[in-house]
Amino acid sequence: MTIARSPSDQRLSTGIPGLDEILSGGFLPGRAYLVRGGPGSGKTTLGMHFLSAAAPEEAPLFITLTEPVAQLQNNAERLGIDMRHVQFLDLSPSPQFFTEVETYDIFSPAEVERAPTARKITETVERLKPQRVFLDAMTQFRYLAGDAYQFRQQVLSFLHFLKERNTTLLFTSEASPETPDEDLQFMADGIIHMRVAAGIRFLEVTKFRGSNFASGAHTCKLGATGMQVFPRLLPDVMRERLSTEQISSGVPELDALLHGGIERGTITMLCGPSGVGKTTLGLQFMKEAAARGERSVVYSFEEEVDIILERCEAVNIPARSMTAAGTLQIVKIEPLQYTADEFARLVRRDVQEHGTCLVMIDSIAGYRLSLHGEDLEAQLYALSKYLQHHNVTVLLVVESAEITGDFRVTDAHISYLGDNIIFIRYLEMRGEMRKAIGVLKKRLSDFERTLREIEITSQGIKVGKPLSDLRGILSGTPEWITERRSDG
Amino acid sequence: MTDETAQPALILTVDVNQRNLALLAQVLQQAGYRTLPVSTITALDQALEAPISLALIDISGFGADIWQRCERLHERAIPLLVISARQSAALRQASAAHGARDMLVKPLVIRELLGLIRSLLQ
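If you're wondering where the values come from, they're calculated on a predicted model, not measured in any experiment. (Residues numbered from 1 in each chain as written. Chains lettered and ligands numbered in written order. Predicted model: local features only at pLDDT ≥ 70, side-chain atom pairs only at ≥ 80, totals over all residues. Heavy atoms only, no water.)

## Thoughts on the overall build of chain B
At step 1: Looking only at helices and strands, chain B features 5 helices and 5 strands.
At step 2: Ordered by position from N to C terminus, the α and β elements of chain B give β-α-β-α-β-α-β-α-β-α.
At step 3: Computed over the C-alpha atoms, the radius of gyration of chain B is 13 Å, within 12% of the 14 Å expected from 2.2 N^0.38 for a compact globule of 122 residues.
At step 4: With the principal axes as the frame, chain B shows a C-alpha extent of 40 × 30 × 25 Å.
At step 5: Here chain B holds 122 residues, and the buried ones make up 50% of them.
At step 6: Restricting the contact set of chain B to residue pairs at least 6 apart, pairs at least 24 apart contribute 58%.
At step 7: Accessible area for chain B stands at about 6,100 Å²; split by element, carbon and sulfur atoms hold 51% of it. (Helix = DSSP H or I, 4+ residues; strand = E, 2+ residues; numbered from the N terminus. Rg over C-alpha atoms; globule rule 2.2 N^0.38 Å. Buried < 20%, exposed > 50% of the residue type's maximum accessible area, 1.4 Å probe, protein only. Contact = heavy atoms within 4.5 Å. Areas by Shrake-Rupley, 256 points an atom, 1.4 Å probe, with all protein chains shown as cover.)

## Side note on the overall build of chain A
At step 1: For chain A, the count of helices and strands is 14 helices and 22 strands.
At step 2: Evaluated residue by residue, chain A yields a buried proportion of 51% over its 488 residues.
At step 3: Contacts in chain A between residues far apart in sequence, at least 24 positions, make up 69% of those at least 6 positions apart.
At step 4: Just so you have it, chain A exposes about 22,200 Å², and 52% of that area is on carbon and sulfur atoms.

## Quick look at the pairing of strand E7 (residues 200-208) of chain A
Residue and element names in this part refer to chain A.
At step 1: Inspection of the sheet shows strand E6 (residues 190-197) paired to E7 by 8 bridges, in the antiparallel sense. When the bridges of E7 are listed, Ile 191 appears paired with Lys 207.
At step 2: Taken together, E6 and the strand that follows it, E7, pair antiparallel across an intervening segment of 2 residues, in which Ala 198 is found at a positive phi of about 50 degrees. (Pairing = 2+ DSSP bridges.)

## Description of the packing of aromatic side chains
Residues and elements named next belong to chain A.
At step 1: For the structure on display, the rule yields 9 aromatic pairs over all chains.
At step 2: Considering the side-chain rings of Phe 27 and Phe 50, the 5.4 Å spacing of their centres and the 80 degrees angle between planes classify their relative orientation as edge-to-face. Remark: Phe 50 occurs in helix H2 (residues 43-52) and Phe 27 occurs in the loop between helix H1 (17-22) and strand E1 (32-37); sequence separation between them is 23 residues. Grouping residues by exposure puts Phe 27 and Phe 50 together as buried.
At step 3: Pairwise contacts between aromatic rings join Phe 27, Tyr 33, Phe 50 and Phe 208 into one cluster. (Phe/Tyr/Trp six-rings, centres within 6.5 Å; stacked < 30°, edge-to-face > 60°.)

## Re the environment of Thr 393 of chain A
Residue and element names in this part refer to chain A.
At step 1: Positionally, Thr 393 belongs in strand E16 (residues 393-399).
At step 2: In the structure, Thr 393 is positioned 99 residues away from Glu 294 in sequence and 11 Å away in space, judged by C-alpha atoms.
At step 3: When residues no more than four places from it in sequence are discounted, the contact partners of Thr 393 are Ile 247, Ile 262, Glu 263, Arg 264, Gly 265, Thr 266, Cys 357, Leu 358 and Val 359.

## Examining the packing of helix H11 (residues 340-354) of chain A against helix H13 (residues 376-389) of chain A
Residues and elements named next belong to chain A.
At step 1: The contact between H11 and H13 brings their axes to 10 Å, and the two run at 10 degrees. Judged by the inter-axis angle, H11 sits roughly parallel to H13. Along its contact with H11, which presents Ala 340, Asp 341, Phe 343, Ala 344, Val 347, Arg 348, Val 351 and Gln 352, the element H13 presents Leu 376, Gln 379, Leu 383, Tyr 386 and Leu 387.
At step 2: Residues belonging to the contact of H11 with H13 are distributed by class as follows: 9 nonpolar, 2 polar and 2 charged. (Axes fitted to C-alpha atoms, helices over the stretch in contact; angles between N-to-C directions. Parallel < 35°, antiparallel > 145°, perpendicular 65-115°, else oblique. Nonpolar A, V, L, I, M, F, W, Y, C, P; charged D, E, K, R; others polar.)

## Notes on H13 of chain A
Residue and element names in this part refer to chain A.
At step 1: Relative to the 20 Å expected for 14 residues at 1.5 Å per residue, H13 spans 20 Å between its end C-alpha atoms, a close match to the ideal helical length.
At step 2: Most of H13 is tucked away: 11 of the 14 residues are buried.
At step 3: Taken together, the buried positions of H13 are Leu 376, Gln 379, Leu 380, Ala 382, Leu 383, Ser 384, Lys 385, Tyr 386, Leu 387, Gln 388 and His 389.
At step 4: Among the structural elements, strand E12 (267-272), H11, strand E15 (358-362), helix H12 (364-370) and E16 are those in contact with the buried residues of H13.
At step 5: In the segment just after H13, Asn 391 is the residue with positive phi, at about 65 degrees. (Expected span 1.5 Å × (residues − 1).)

## As for the domain arrangement of chain A
Residue and element names in this part refer to chain A.
At step 1: The domain architecture assigned to chain A consists of domain 1 (7-230) and domain 2 (246-487).
At step 2: Here the C-alpha centre of domain 2 lies 49 Å away from the C-alpha centre of domain 1.
At step 3: In total, domain 1 and domain 2 occlude about 830 Å² of area from one another, counting both sides; carbon and sulfur atoms represent 48% of this.
At step 4: Applying the counting rule to domain 1 against domain 2 returns 3 salt bridges.
At step 5: A salt bridge links Arg 345 to Glu 21; the nearest nitrogen and oxygen atoms lie 3.7 Å apart.
At step 6: For the pair domain 1 and domain 2, the number of links is 5 residue pairs in polar contact (both at pLDDT 80 or more). (Domains from an automatic or database assignment. Buried area = accessible area lost by both parts, 1.4 Å probe. Salt bridge = Lys/Arg side-chain N within 4 Å of Asp/Glu carboxyl O. Polar contact = N/O pair within 3.5 Å; in protein donor to acceptor, adjacent residues only side chain to side chain.)

## Let's talk about the side chain of Thr 64 of chain A
At step 1: Within the secondary structure, Thr 64 of chain A sits in strand E2 (residues 61-64).
At step 2: Among residues more than four places away in sequence, those in contact with Thr 64 of chain A are Val 69, Leu 72, Leu 89, Asp 90, Leu 91, Ser 92 and Asp 136 of chain A.

## Description of the sheet that holds E2 of chain A
Residues and elements named next belong to chain A.
At step 1: Ordered in space as E3-E2-E4-E5-E1-E6-E7-E8-E9, the 9 strands form an open sheet in which the pairing is mixed. In this open sheet, the two strands that pair with only one neighbour each are strand E3 (87-90) and strand E9 (226-230). Adjacent strand axes in the sheet meet at a mean angle of 20 degrees when their direction is disregarded.
At step 2: With 4 bridges connecting them, strand E4 (residues 132-136) and strand E5 (residues 168-174) associate as parallel partners. Within the sheet, the bridge partner assigned to Val 133 lies in E5 and is Leu 169.
At step 3: Along the sheet, helix H3 (residues 69-78) contacts E2 and E3; its crossing angle with E3, the most-contacted strand, is approximately 140 degrees.

## Some details on the sheet that holds strand E5 (residues 102-105) of chain B
Residue and element names in this part refer to chain B.
At step 1: The 5 strands are arranged E2-E1-E3-E4-E5 in an open sheet whose pairing can be described as parallel. Because the sheet does not close on itself, it has two edges, and the strands there are strand E2 (34-38) and E5. In this sheet, neighbouring strand axes are inclined to one another by 20 degrees on average, regardless of whether the strands run parallel or antiparallel.
At step 2: Note: strand E3 (residues 54-58) against strand E4 (residues 80-84), 4 bridges, orientation parallel. By the bridge assignment, Ala 55 is partnered in E4 with Leu 80.
At step 3: Of the strands in this sheet, strand E1 (10-14), E3, E4 and E5 are in contact with helix H5 (residues 110-121), which crosses E3 at around 140 degrees.

## Topic: unusual backbone geometry
Residues and elements named next belong to chain A.
At step 1: Following Asp 136, the chain continues into Ala 137 via a peptide bond in cis, with omega recorded as 5 degrees.
At step 2: Note on placement: Ala 137 falls in the loop between E4 and helix H5 (148-164).
At step 3: Backbone geometry at Ala 59 places phi at a positive 45 degrees, although glycine is not the residue there.
At step 4: You can see Ala 59 is positioned in the loop between H2 and E2.
At step 5: Here Leu 336, not a glycine, exhibits a phi torsion of approximately 60 degrees, which is positive.

Structure (structure tokens):
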């Protein structure tokens, strides 16, 4: 899709694809943007990406008031950010500053340094005519201003000076509760907040004049290739497709229980206690999908790929040949490697690139335990909705805490996610432990209200006739209605 | 600057800190004065005989022997301003007692300093 863009909607890439996505394409030229955050939050790295993304004729300029140039170049090199075409203006204190020669107290720094600093900056900007400037950190000018009013006037006039030259400015602020930077936030055309919480880096845009942006805290990573940003998936406002196409499980009795199967593009929760066969049930749907030539992906948070493959083979699901044919992929998600945003990006990319039709997340508890981030459930909701809008059928494996006893689907606050809820549970019948499968909810069609016995055998999943003469099916020990009559 | 002399007024600046001296010289020369910078008591003793119109003495880093030099400048009817790193009633009293017209506290505001010098030289 190509959109003819008016000159006023030209964008400057930030040098970080994820951030461009958040900013609907990038920065608007000729504007001033603020990056704020505590120490080590990645402000300078972001600026380096911004300058590195510039073409050499844009004459990108780095004005540093804190770190010396050599150190910055060294850091950029380590992050693999190419800064060779970037010009530097070094206004950081020289080592001599510490010695007697350079220090003074007769006048305030505001009186002594302001004029020469301003002159150096204007001279450099007029000489190089940069189209991109990164200034680190604007808050240093606070010490060169007599008072808050002077600081504000100086910053504003500096912003106007650059705006007149159609230069795009990115500037940082070393913000802390002791030195608030609200004044800078008012002056900037856009604000990017960086923060680190519980070991996770977050990036959030709260202001972006003249453009849309993706709100919310997005996670990011600082690694060997610099900064990566993972835009948070928000439940998009697409109209819901009410597909009536039903996906068969390949087991006639199970389809009968579901009055035909599960609808394409719905979210199905497979609930039950540990070891009851939830994953196998999900893979049964995938086996059937593979027969139609559709691709499925299992994101396993708990079990290793080999174990799942092995188990499938034992119950007549040809997972290995499905994998070989490309109709099945099992992805093991190692714990604490991903943030929820990153995981969502992984799933999305797979759907976009491979046209995946069925996705199983095994399990929600594993998802919650393995991923870093905030509002994990809200993000799972957003991901499921995204998949649904792309006509992907979602299977969520939900482990219930109790193995026996009174039935509960799951933590109540997550069950609203499911269009369909299928549960498998242990039953005690005539002193024997058996398993039963039932449907608790189905949004798009009716379903059987009774349970059926389910067995997982070497021939596959076997589902029996409706257990219609059983009562108390949601309690711990169901009873045969006939037996009860004979008792009474 | 007095109206009678063709030469700009010579201002004695005393400070142990060279950077302070350089900055004072820069500010004063920009305002049209000549400066005589000294940073030690020995140099100060030698400078006392020069045709000074006004003295700025930053007492930080000097001992009590600085007061005696202040008195000698006062005896020669040279207006002098004492500069101190901190506000202190005792220092203010000592400055006045040794002939200073006023005690200024660092950091100085350039415009105020120049205004004060101008009024003292009239």
